[in-house]
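# Structural description and commentary
What follows is each chain in one-letter form.
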Amino acid sequence: MHLTKERFGGLLFLLLSLAYGYHATQIPGYPGDEYEPFTASTLPYALAGVGIVLSLLLMASPGGERLQKESGNWRLVFAFLVLMIIYGVALTWLGFLVATTLFLIVGIRLMGEPSLAFACKVSVPFTLIFWALLTKGLNVYLEPGRLFTQLLG
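Remember, it's a predicted structure, so these values are computed and weren't measured experimentally.

Parameters at a glance
Residues numbered from 1 in each chain as written. Predicted model: local features only at pLDDT ≥ 70, side-chain atom pairs only at ≥ 80, totals over all residues. Heavy atoms only, no water. Axes fitted to C-alpha atoms, helices over the stretch in contact; angles between N-to-C directions. Helix = DSSP H or I, 4+ residues; strand = E, 2+ residues; numbered from the N terminus. Left-handed = near helix turned anticlockwise from the far one by under 90°. Contact = heavy atoms within 4.5 Å. Nonpolar A, V, L, I, M, F, W, Y, C, P; charged D, E, K, R; others polar. UniProt positions renumbered as here; feature names shortened; annotations may be inferred.

Looking now at the packing of helix α3 (residues 74-110) against helix α4 (residues 116-137). Where α3 meets α4, the axes come as close as 8 Å, and the angle between the chain directions of the two elements is 145 degrees. Handedness of the α3/α4 crossing: right-handed. On the side of α3, the interface is formed by F96, L97, T100, T101, L104, I105, I108 and R109, while α4 contributes L116, A119, C120, V122, S123, V124, F126, T127, L128, F130, W131 and L134. Looking at the contact of α3 with α4 residue by residue, the classes come out as 15 nonpolar, four polar and one charged.

In the numbering adopted here, UniProt assigns the feature "transmembrane region" (unreviewed entry) to residues 45-64, 76-109 and 115-134. Secondary structure content for residues 76-109 is 100% helix and 0% strand, while the C-alpha to C-alpha distance between its ends is 11 Å.

Attention now moves to the environment of S41. Tracing the backbone shows S41 in the loop between α1 (5-24) and α2 (42-60). Residues S41 and H23, 18 residues apart in the sequence, show an inter-C-alpha distance of 9.8 Å. Excluding anything up to four places from it in sequence, S41 contacts A24 and I27.

Okay, structure coming up:
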C-alpha cells in the first residue's frame, strides 16, 4: 500500500477530527444537561465522529495518485487560510448572514468558478437555510454583528 494524495489528505483530516473531538470534550455543560437529548457538545461530538469515519474510509480507499514532492496548489491553500481568517474577523463585525454569504462567494470563486451569479445563487440560499436551521430549528442565537448593532442602536 503506497501513500497517495487521498490517503495523506485522509490522515490529515483524521488528525483534525481527533483534535476537534478532544476539544469537544472540553465544552462545559450546564447543570441538568445530562438529561437533555441535545446539548452544547452534541453536534461537535457528531461532527468529530463523522469526520473520523470519513477520513478512515478515505484512507482505506484503493488507488489514487502517488504523493510526490510537488503536490497541490499552495497559493490556493494559503488563499483559503487568509479567507478563513478574514471570515473570523468579518463574522464579528458583519454578522453570520453577510459574512457567511461573502465567505462562500469568495471561496467558490477561488475554486475556479468564473460566474459571480452562480456563486451568489449557491451561497445565498445555503446561508439562509443554514441560518434558519440554526436560529429557528435549534434555537441558537447568532449575533447580528457589531456594524448592524451600532447602526441600529
